[in-house]
Amino acid sequence: MADMQTLEVRDLDIGVGPHSVVDGVDFSIGRGEIVALVGESGSGKSLTALAIMGLLSGSVRQTGGTATLDGDLLDLGNDAAMQKLRGTSLSMIFQEPVASLNPLLSVGAQVAESLIVHGRATRRDAWTRAVEMLRDVGIPAPEQRARQLPSELSGGMCQRVMIASALIAKPRLLIADEPTTALDVTIQAQILELMRRLRDETETSVLIITHDMGVVASIADRVCVMYGGGIVEQAEVHDLFAAPRHPYTKLLLATIPRMDGPRKTELFSISGTVPDLSAWPEGCRFRTRCPLASDQCTTRPPLEPVAGGDAHASACWHSDKVEHLA
Ligand SMILES: Nc1ncnc2c1ncn2[C@@H]1O[C@H](COP(=O)(O)OP(=O)(O)O)[C@@H](O)[C@H]1O
Ligand SMILES: [Mg+2]
């Protein structure tokens, strides 16, 4: 029990209509661990996050798999059950801050809300803590700002408000989907520092979805790389950067601008484009873009430990050849 995982996702499948968009995703996050989920647009990162929050809707459905939080099975399809956990045990920071805030409610009230709704604080205490939280995420003059509506704040400020409302209840698991993409570098550094501090103080586990390898390098303990709805590589951050063992990761890292160069460059310019949902190849989904592809790749490679790599796994029949890839 000592090493019980905060989050354990097993064999998660998600479909959109008849198409499989997430296929057999397995990963876990330990207590106080920060795991980054990376991969180019359309790989299924956001849907994986939404599934864990119990927020899939419409034609997007979980078609298989399980998730547990501190060993308890999450009833992902049960909205009432998931609603009790959202904002308390599980929090998510979404990609579009403005759309996620209530336009009619002051930002202070929105930040205070989860404490009040779940009976964790009186209205007065919740307000005081909301103002503190707004200060923590770098909002100047938080006493005044707290009384304003989202429309009176910039997009970057709204993003910080959303982060404050996700963090105030000190969730066991925080999922942050591209949380700092819209923010300038200084604020981004502040937000990452805040997440790190939260983890250190409360052992919150964090799943951070990002395109920015600079963010990955600065905050994550471990990385899961997603392609075509599956995790193709998993490793400790240092091992992933030092010795990627999946051709997709290798190419992904090769497209990254140097750490001392400009940060917000478009990272993903691997030749070919992500195939349409209905057009994934049989077997390894990356094989049509992969320089190492062979006949064997028409069979899907399992995510398996690589030789010599503790906690390092790759889903590639040719993982031993990746280091020689130019
Ligand atoms: N609501 C939706 N309806 C139909 N298809 C969707 C919906 N949301 C996502 N998808 C499709 O599912 C795939 C994975 O999407 P997503 O998880 O958002 O990718 P990522 O976050 O990695 O960019 C994409 O091909 C996307 O077009
Ligand atoms: Mg996304």
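None of the values given here were measured: they were computed from a predicted structure. (Residues numbered from 1 in each chain as written. Chains lettered and ligands numbered in written order. Predicted model: local features only at pLDDT ≥ 70, side-chain atom pairs only at ≥ 80, totals over all residues. Heavy atoms only, no water.)

A. Highlighting the packing of helix α4 (residues 107–117) against helix α5 (residues 123–136). The interhelical angle for the contact between α4 and α5, taken along N-to-C directions, is 125 degrees, at an axis separation of 8 Å. Taken together, the axis directions place α4 and α5 in an arrangement best described as oblique. Seen from above, α4 lies across α5 with right-handed handedness. Two secondary-structure elements touch here, α4 through Gly 108, Ala 109, Val 111, Ala 112, Leu 115 and Ile 116 and α5 through Arg 123, Ala 126, Trp 127, Arg 129, Ala 130, Met 133 and Leu 134. For the contact of α4 with α5, the class distribution of residues is 10 nonpolar, one polar and two charged. (Axes fitted to C-alpha atoms, helices over the stretch in contact; angles between N-to-C directions. Helix = DSSP H or I, 4+ residues; strand = E, 2+ residues; numbered from the N terminus. Parallel < 35°, antiparallel > 145°, perpendicular 65-115°, else oblique. Left-handed = near helix turned anticlockwise from the far one by under 90°. Contact = heavy atoms within 4.5 Å. Nonpolar A, V, L, I, M, F, W, Y, C, P; charged D, E, K, R; others polar.)

B. A look at the sheet that holds strand β12 (residues 313–314). An order of β6-β7-β8-β3-β9-β10-β12-β11 is seen for the eight strands of this open sheet, with the pairing classed as mixed. Edge strands, defined here as strands with exactly one partner in the open sheet, are β6 (90–93) and β11 (304–305). Alignment of strand β10 (residues 230–236) against β12, held across two bridges, turns out to be antiparallel. Note on β12: the bridge partner recorded for Gln 234 is Ala 313. Helix α11 (residues 247–254) contacts β3 (34–38), β9 (222–227) and β10 of the sheet and is inclined by roughly 105 degrees relative to β9. (Pairing = 2+ DSSP bridges.)

C. Local environment of the site of ligand 1. The environment of ligand 1 is made up of 12 residues, and the closest members are Gly 42, Gly 44, Lys 45, Ser 46 and Leu 47. Within the backbone of Gly 44, an N or O atom sits 3.0 Å from an oxygen atom of ligand 1. Contact between ligand 1 and Leu 47: an oxygen atom at 2.9 Å from a main-chain N or O atom of the residue. Element by element, the count of residues in the shell around ligand 1 is highest for helix α1 (residues 45–52), at three residues. Split into classes, the residues belonging to the shell around ligand 1 amount to five nonpolar, five polar and two charged. (Near = heavy atom within 4 Å. Polar contact = N/O pair within 3.5 Å; in protein donor to acceptor, adjacent residues only side chain to side chain.)

D. Region of the structure containing the nonpolar core. Grouped together as the largest cluster of nonpolar side chains are 64 residues, with contacts concentrated most on Val 38, Val 111, Val 161, Met 195, Ile 208, Val 216 and Val 225. The dominant element in this core, judged by the number of residues it contributes, is helix α7 (residues 155–167), at eight residues. When residues are assigned to domains, this core turns out to be shared by domain 1 (99–169) and domain 2 (246–324), each giving three or more. Excluding its chain neighbours within four sequence positions, the residues that come into contact with Val 111 are Ala 130, Met 133, Leu 134, Val 161, Ala 164, Ser 165 and Ile 168. If you look at the next biggest cluster of nonpolar residues, it comprises 30 residues, including Met 82, Leu 90, Cys 224 and Met 226. (Core = buried A, V, L, I, M, F, W, Y, C linked by side-chain atoms within 4.5 Å. Buried < 20%, exposed > 50% of the residue type's maximum accessible area, 1.4 Å probe, protein only. Domains from an automatic or database assignment.)

E. A look at the side chain of Arg 199. With respect to the helices and strands, Arg 199 occurs in helix α8 (residues 185–202). Of the polar contacts made by the side chain of Arg 199, one reaches the side chain of Asp 221; its length is 3.0 Å. In contact with Arg 199, not counting residues within four places along its chain, are Gly 32, Glu 33, Ile 34, Thr 204 and Asp 221.

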